[in-house]
Amino acid sequence: MAEPHFRRVALIGLGLIGSSIAWAAHRSGAAGEIAGYARSAATRETARRLGFCDSVAETAAEAVRGADLVIVCVPVGSCGAVAAEIGPALAPGAIVSDVGSVKASVIAQMAPHLPGHVHFVPAHPLAGTEHSGPESGFAELFDNRWCILTPLPDGEPSATARLRAFWEALGARTDEMTPEHHDLVLAVTSHVPHAIAYTMVGVADDLRRVTDSEVIRYSAAGFRDFTRIAASDPTMWRDVFLNNREAVLDILGRFAEELFVVQRAIRMGDGEYLFDYFTRTRAIRRGIIEAGQDTAAPDFGRIARTEKERAG
Ligand code: NAP
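Residues numbered from 1 in each chain as written. Predicted model: local features only at pLDDT ≥ 70, side-chain atom pairs only at ≥ 80, totals over all residues. Heavy atoms only, no water.

Participant: Help me understand the domain arrangement of the protein chain, please; the structure alone is not making it clear to me.
Facilitator: Often, the extent of an interface is quoted as the loss of accessible area on bringing the components together. As far as domains go, the protein chain holds domain 1 (6–177) and domain 2 (181–311). Computed over C-alpha atoms, the centres of domain 1 and domain 2 are 29 Å apart. Tallying the contact residues gives 27 residues for domain 1 and 23 residues for domain 2. In total, about 1900 Å² of surface goes out of reach between domain 1 and domain 2, with carbon and sulfur atoms giving 53% of it. (Domains from an automatic or database assignment. Contact = heavy atoms within 4.5 Å. Buried area = accessible area lost by both parts, 1.4 Å probe.)

Structural data, given as structure tokens:
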């Protein structure tokens, strides 16, 4: 196994993303040792039982002591509080990063609490499932997925390069962009689709002419996939919308306008318009498959992802 990229990695937050980083780091040998911390005693206990951290601390400050890489893996609305807690305990020269689904707001929350002697390199792995918590992580989560880094303008390029190498060791492909651009791209590819899925499932729930049991029993592929997305963690997604408000509202506005156009085509019986529209959107799906970001298998390309899941 290769030399570890970091001697001691501290993970603050041990849910889906934190535990998956730990499993993937064990798999690759990218971390010499892994220290973890989560807010609740129950999660810390589960992490100890599953053994994906070498040590689980009772405080965040204790976990980061002596770490040369610290990754904050908590909901984006809690990143500022965590940064305030760990700031005074960070080792000189340490790289501090996060995995938040929103970047500009996380940077604004965390940066004021971080001492000048650390390197702050924000990042976001574009990998996840609708499951959360310490038991949902697995080593393959980041394989062939993108991890976007949003380095600060005055950041040290060598720190960014070291973090990129770490994520690549976990199986990810890496890229860099500005936080604002990241937030706009993710509003299109992730945040607004989640808002639409939550809303569509809410509509079905409200529609009293169709009973709950009919919605469940006759659930067709389109609705079923909406329900999968709408089963995502409520805390995480509340925080995403509150922290990427402008980009989400911009894209939601465009979506609403587009929806009216499609609605009008349906009302007017404009089959040609609908056919051309659906042909154009189908090409996007093909592009995603060709880029290796999903498979063409039926059931929306969902495959058993881990031994744990396969074992049921
Ligand atoms: P998760 O499974 O719900 O885990 C969150 C973890 O953070 C839990 O261990 C929780 O501890 C801990 N936590 C919450 N508030 C805390 C606080 N104030 N101090 C210390 N620990 C705290 O969430 P996740 O899916 O791993 O998401 C974590 C981050 O990754 C979020 O910022 C999210 O935007 C980002 N992300 C998520 C996905 C995804 O698809 N899930 C993908 C990419 C990035 P307890 O268990 O004790 O409450």
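And the narrative resumes.
Participant: Just to check I follow, could you spell out helix α2 (residues 41–50) for this structure?
Facilitator: Every α-helical turn comprises 3.6 residues, leaving residues that sit three or four positions apart pointing alike. Taken residue by residue, α2 has T43, R44, T46 and A47 as its buried positions. Buried residues of α2, viewed axially, fall in a sector of 160°; they line one side. When the buried face of α2 is taken as reference, the exposed residues oriented beyond 90 degrees from it are A42 and R49. Where α2 is buried, its residues touch β2 (31–37) and β3 (55–56). (Buried < 20%, exposed > 50% of the residue type's maximum accessible area, 1.4 Å probe, protein only. Helix = DSSP H or I, 4+ residues; strand = E, 2+ residues; numbered from the N terminus. Arc of directions from axis to C-beta.)

Participant: Whenever I open this one, the side chain of H194 confuses me. Can you help?
Facilitator: As for its placement among the helices and strands, H194 is situated in helix α7 (residues 179–206). Here H194 falls in the buried class, since its relative accessible area comes to 13%. Look past the residues within four positions of H194 in its chain and what remains in contact with it is I229, S232, W237 and F241.

Participant: Explain the site of the ligand here, please?
Facilitator: Taken together, 27 residues lie around the ligand, and R39, S40, T43, V74 and S101 are the ones closest in. One of the backbone N or O atoms of G15 is found 3.4 Å from an oxygen atom in the ligand. Contact distances for the ligand include 2.5 Å between an oxygen atom and a side-chain N or O atom of T43. With the chains in place, 88% of the 900 Å² that the ligand exposes on its own is no longer accessible. Of all elements in the fold, only α1 (16–28) and β7 (123–125) reach the threshold of two or more residues within the shell around the ligand. (Near = heavy atom within 4 Å. Polar contact = N/O pair within 3.5 Å; in protein donor to acceptor, adjacent residues only side chain to side chain. Areas by Shrake-Rupley, 256 points an atom, 1.4 Å probe, with all protein chains shown as cover.)

Participant: Before we go on, may I ask you to explain the pattern of salt bridges in this structure?
Facilitator: Where charged atoms of side chains with opposite charge meet at close range, the side chains can pair. The tally for this structure, following the rule as stated, stands at 13 salt bridges. In this structure, the salt-bridge partner of E45 is R48, at a minimum N-O distance of 3.2 Å. In this pair, E45 and R48 are both assigned in helix α2, three residues apart and thus about one turn of the helix distant. Given the relative accessible area of 36%, R48 is considered partly exposed. A salt bridge links D239 to R238; the shortest N-O distance between them is 3.0 Å. (Salt bridge = Lys/Arg side-chain N within 4 Å of Asp/Glu carboxyl O.)

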